[in-house]
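Here are the chains, one letter per residue:
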Amino acid sequence: MSDLPLQNIRIIDHTIAWAGPQGTHLLADMGAEVIKVEACNRPDIMRGGGRRAKKADKFWERGAWFIQLNRNKLGITVDLGKQEGKELYLKLVAVSDVVWDNFTPRVMPNLGLDYEELRKVKPDIIVLHQPGYGTSGPYRDAPAFGDCINAFSGLDDITGYPGGRPLRPGIAYGDPTSGFAAALAILAALHYRSLTGKGQLIDVSHFEISSKAMDGLIEYAMNGRVQERMGNRDATMAPQGCYPCRGDDKWVVITIADDREWKKFGRVLGNPEWTQDPRFATVEGRRQHHDELDRLIASYTSSHDRYEMMSLLQKAGIAAAPVLYPGELLTDTHFVQRGFFEESTHPYAGTQLLPGMLYKMSHTPCRIRFPAPLFGEHNRYVYNEILDLSEDDIEQLTRAEIIGDKPRFAGLE
Amino acid sequence: MNIPKGSNGDMKSGALFDLKVIDLGHFIAGPYCASLLAGLGAEVIKVEQPGTGDGARSMGPFPGDEPHIEKSGLFNYLNQDKKSITLNLKSEAGKNAFRKLVAEADVLIENFEPRVMPSLGLAYETLREVNPSLLMTSISNFGQNGPYRDYKGYEITLSALGGVQAEIGEPDREPIKLGGQQLQFQAGLTAAFATMSAVCYRDVTDIGQHIDLAIVEIAATLKGAPIMMYQEMEHHRVRNGARIWQAQRGATDDLPPQVYRIPGPCIVILPCKDGYVCVDTELPPQWLALCDMIGRPELKEDSRFSWATHHEHADELDAILIDYLKTKTQQELFEEASAWRVPSAVVNNMAQLFHDPQHRARGFFVQVEHPALGKMDYPGHPFIMSETPWQQVSGAPLLGEHNKEVLIERLGYSEQELAAMAKDGVI
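Thresholds applied
Residues numbered from 1 in each chain as written. Chains lettered and ligands numbered in written order. Predicted model: local features only at pLDDT ≥ 70, side-chain atom pairs only at ≥ 80, totals over all residues. Helix = DSSP H or I, 4+ residues; strand = E, 2+ residues; numbered from the N terminus. Contact = placed C-beta atoms within 7 Å. Buried ≥ 20, exposed ≤ 12 C-beta atoms within 10 Å, placed from the backbone. Expected span 1.5 Å × (residues − 1). Pairing = 2+ DSSP bridges. Nonpolar A, V, L, I, M, F, W, Y, C, P; charged D, E, K, R; others polar. Axes fitted to C-alpha atoms, helices over the stretch in contact; angles between N-to-C directions. Parallel < 35°, antiparallel > 145°, perpendicular 65-115°, else oblique. Core = buried A, V, L, I, M, F, W, Y, C linked by C-beta atoms within 7 Å. pLDDT = per-residue confidence, 0-100. Left-handed = near helix turned anticlockwise from the far one by under 90°.

Here we take up the overall build of chain B. Secondary structure summary: chain B contains 16 helices and 12 strands in total. Nonlocal contacts in chain B, meaning residues at least 24 apart in sequence, comprise 67% of its contacts between residues at least 6 apart.

What follows is the structure, encoded as structure tokens:
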């Protein structure tokens, strides 16, 4: 049984919804002991995520997306609004490496749990805040959700058909992007601490890390040009597009990278006359007549299966792929053979396939070891075993409603 | 401790000050990964093909649209604070020099197609004989194995196969890719994190390893929610233009109000007086506040816009909202909505993003000088660290700029050997 790369790290995880849990689960996947902290009056809002009506028994244990985002983590509850809860929590901080949240910036200071306070119980603690806009600046206290970051970071503006309006990019990219960035920051800080003994405070803004991916900023800074919506077209290669295939809502994307590939493309199609048209022989010509080319290509692809198109064209060294819905990835032969999706069984939600490891490591392979925690599931493990509290202590804390295993939702008493 | 010097000659500081990285990457994913490590303080030596260098040098933007291998904006952005040497890895002499470099390095980043490194005789198994503690991070489109391993792929190809493209577009048209090169950047960021997870393990054990990243799997990870939803509901999310995907009927309307339950009635990009804004109500109290904000409190009780049925009346709601939004500017709306605690945002174009007040207040953009490009502002820190501030000081290196420094001073070649290598096209 091989090691896990981060097996000696303990992380206190206050994160909720998507952005934070996406990051903490990466570290949990790599073997860190990630302790998800909730409170009876403040369960993770994602616990209702998914489609379970409240009439279902313990709907908060059935949200499929929550289950995917919180696998490999332990779960505890503690009421940080009460003095006794805070004292209990600080005992855990004293034996942990990292404290991580994605609340709006005033929350942790309001609880009296900012970096300066936490350092008092653990001088080398690493504290990370992951709010939408960071912990400073004029937008600091604006309510931030993922679609807001899509808009501010420019992603909405550059996504759309040529001459069309900005379109929603499918998901809120700032969430997972900031989660990945936060994970990177934590590991850099842990490495630094292993060399120097020093912890530190880290501020991860979804807005900033999303903006790093906007290479259109360089064009603007250099030439003053504002990036426009291009649909499926490419700035240099032509044709590139998304073409209908046989069946309803079935498509293939094709990129012809240069003149040599254009000739090969013609051969794959059986050299129909239009592929020999001299207007299309150069990339300038193909770009000029892109609309017409798109129609001609579509007339060919629409009678073919999308996977067949990929196979035919890739054999000839041309980049082509079917447009798959996320659910279709589950049965795509490449994903299956790579073993990317992993089966995981959850006590309430049953057995599902979850996106597995984001990358493969040769000597410390990782996997989904256990499912997302039930609410307060590991109270005993953390309070008895890590903090050495007695059974009486646990009972007293439960009676005082400092800890518990049932969330209190408004309108559900 | 022997702390390496940065590309500008100063002592390196930063969280990764002791790490030595070889950047064999090209275009975006590999170089972006290495640039994140450089900004965190690692010493990064870029190994480029003699004559042409990293392919990004041939891609713009260029000042005045005139191509020049020292003036690519993309290359400059992604390769700051790195050194550059040239090595022809197809030659024996080039391979020898590379192996010497690997012997002293901590990390090697590459994003070639999987057959390339083995075909050069530089596969991980070979390199670890030279350096057993080496961490080699390989980023590829489809991974180091599997039926699509050797397939060709660009951003659009990965977007299609990774489940990203299917959910973007107008309902009656072909699906489109995300603007720009989002998946390439995601890959670089993921690779930096992946590399660091191996560094942290090696800090304790001295064990090196090979890391295999597939961009298409990174894309699939981003689409975790619809993948789970498909298993719950056996239904795909429908493309819905500028509005959040269309809901199936009636699934979540009786959940408690503080529980997250997209798609709510109002997550949409709409035009206003001087551009577009995004209205992003994801919890019921936010929707109710929006109704009050636009002076239409009766909408709160309007059965058309309940959580269960709103998608059937989306056009009507759009029209009501646009009526209000068109009277105000992007900035006015953002401020007003913030005061009402309604999540909203300005749809920034690249010019607005460049001047964005939040970015400028936080010093997100950094001015960097380059001998061929002069002074320009670039996106800077990916996050802020209190003890180990982000390093972004020197412009990208000229092609082979550090051949002498690395090959002679570091690796011990003589001037004559270097001259011979140049003559033979090795450097």
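On to the overall build of chain A, then. Assigned secondary structure in chain A consists of 17 helices and 12 strands. Expressed as lengths along the three principal axes of its C-alpha atoms, the size of chain A is roughly 85 × 50 × 50 Å. Looking at chain A as a whole, 58% of its 413 residues are labelled buried. Counting contacts in chain A only where the partners sit at least 6 residues apart, residues at least 24 apart contribute 68% of the total.

So, on to helix α7 (residues 182–205) of chain B. Taking 1.5 Å per residue, 24 residues should reach 34 Å; α7(B) reaches 35 Å between its end C-alpha atoms and fits that length. Among the 24 residues in α7(B), 21 count as buried, and that is most of the element.

Turning our attention to the pairing of strand β11 (residues 350–355) of chain A. Residues and elements named next belong to chain A. Summarising the sheet, strand β10 (residues 341–346) and β11 pair through 6 bridges and their orientation is antiparallel. Among the inter-strand pairings, H346 is bridged to a residue of β11, identified as G350. Counting the residues in the hairpin turn of β10 and β11 gives 3 residues.

Further remarks concern the interface of chain B and chain A. Counting from both sides, the interface comprises 129 residues of chain B and, opposite them, 130 residues of chain A. Among the elements that take part in the side of chain B that touches chain A, α7(B) stands out by supplying 16 residues, more than any other. Tallied by class, residues from the side of chain B that touches chain A come to 76 nonpolar, 34 polar and 19 charged. For strand β12 (residues 360–361) of chain A and strand β6 (residues 209–214) of chain B, the ladder comprises 2 bridges, and the chain directions are antiparallel. Bridge pairing links K360(A) to D212(B) in β6(B).

All names here are of chain B. Most of strand β7 (residues 266–271) sits inside the fold, with 5 of its 6 residues counted as buried. Bridge count for β7 against strand β8 (residues 276–281) is 6 bridges, and the pairing is antiparallel. Note on β8: the bridge partner recorded for I267 is D280. Connecting the antiparallel pair β7 and β8 is a turn made up of 4 residues.

The next thing to look at is the packing of α7(B) against helix α8 (residues 215–222) of chain B. Residues and elements named next belong to chain B. Orientation of α7 relative to α8, taken along the N-to-C sense of each, is 95 degrees, at an axis distance of 10 Å. It follows that α7 is roughly perpendicular to α8 by the angle criterion. Between α7, through L183, Q186, A187 and T190, and α8, the contact on the second element is made entirely by I215, I218 and A219. Partitioning the contact of α7 with α8 into residue classes produces 5 nonpolar, 2 polar and no charged.

Moving on: the nonpolar core. L184(A), A185(A), I186(A), I202(A), L37(B) and V277(B) are the most contacted members of the largest nonpolar core, which has 256 residues in total. Considering each element in turn, this core owes the most residues, 13 residues, to α7(B). Discounting residues that sit within four places of it in the chain, I186(A) has contacts with L27(A), V98(A), I126(A) and L128(A).

Attention now moves to the sheet that holds strand β9 (residues 344–346) of chain B. Residues and elements named next belong to chain B. Strand order in this open sheet of 3 strands is β7-β8-β9, and the pairing throughout is antiparallel. The sheet is open, and its two edges are formed by β7 and β9, each paired on a single side. Between one strand axis and the next, the sheet turns through 15 degrees on average, direction left out of account. As defined by bridge partners, β8 adjoins β9 across 3 bridges and the pair is classed as antiparallel.

So, about the sheet that holds strand β12 (residues 384–385) of chain B. With mixed pairing, 7 strands are arranged side by side in an open sheet as β3(A)-β2(A)-β1(A)-β4(A)-β5(A)-β6(A)-β12(B). At either end of the open sheet lies a strand with only one pairing partner, and these are β3 (73–77) of chain A together with β12 of chain B. The pairing of strand β1 (residues 10–13) of chain A with strand β2 (residues 33–38) of chain A spans 4 bridges and is classified as parallel. Across the sheet, D13(A) pairs through a bridge with K36(A), a residue of β2(A). Those strands touched by helix α7 (residues 174–196) of chain A are β4 (98–101), β5 (126–129) and β6 (200–203) of chain A together with β12 of chain B, and its axis lies near 165 degrees from that of β5(A).

Let us look at the environment of K36(A). Residue and element names in this part refer to chain A. Relative to the helices and strands, K36 is located in strand β2. Accessibility expressed as a C-beta count within 10 Å gives 27 for K36, which makes it buried. Expressed as a C-alpha distance, the spacing of K36 and T24, which sit 12 residues apart in the sequence, is 9.0 Å. The residues touching K36, leaving out its near neighbours within four places in the chain, are D13, N70, K73, L74, G75 and P373.

The next point concerns the environment of K264(A). All names here are of chain A. Mapping K264 onto the fold places it in helix α10 (residues 259–268). Taking the C-alpha atoms as reference, K264 lies 8.8 Å from L313; in sequence the two are 49 residues apart. Among residues more than four places away in sequence, those in contact with K264 are A316, G317 and I318.

A cis geometry characterises the amide bond from A238(A) onward to P239(A), with omega recorded as -5 degrees. Of the consecutive residues G60(B) and P61(B), the connecting peptide bond is found in the cis state with omega at 5 degrees. Tracing the backbone through its elements, the reader meets P61(B) in the loop between β2 (43–48) and α2 (73–78). The residue A17(A) is not glycine, and still its phi comes out positive at about 60 degrees. Structurally, A17(A) can be placed in the loop between β1 and α1 (19–29).

Before going further, it helps to spend a moment on the confidence of the model for chain B. The predicted model of chain B averages 93 in pLDDT, with 94% of residues at 70 or higher. In the predicted complex, the global pTM is 0.97; the interface-specific ipTM is 0.97.

Residues and elements named next belong to chain B. Their axes nearest at 7 Å, the elements helix α1 (residues 29–39) and α7 cross at an angle of 45 degrees. For the element pair α1 / α7, the angle class is oblique. Pair α1 / α7 crosses with right-handed handedness. Every residue of α7 that contacts α1 at A29, Y32, C33, L36 and L37 is listed here: Q184, F185, A187, G188, L189, A191, A192 and T195. Looking at the contact of α1 with α7, its residues break down into 10 nonpolar, 3 polar and no charged.

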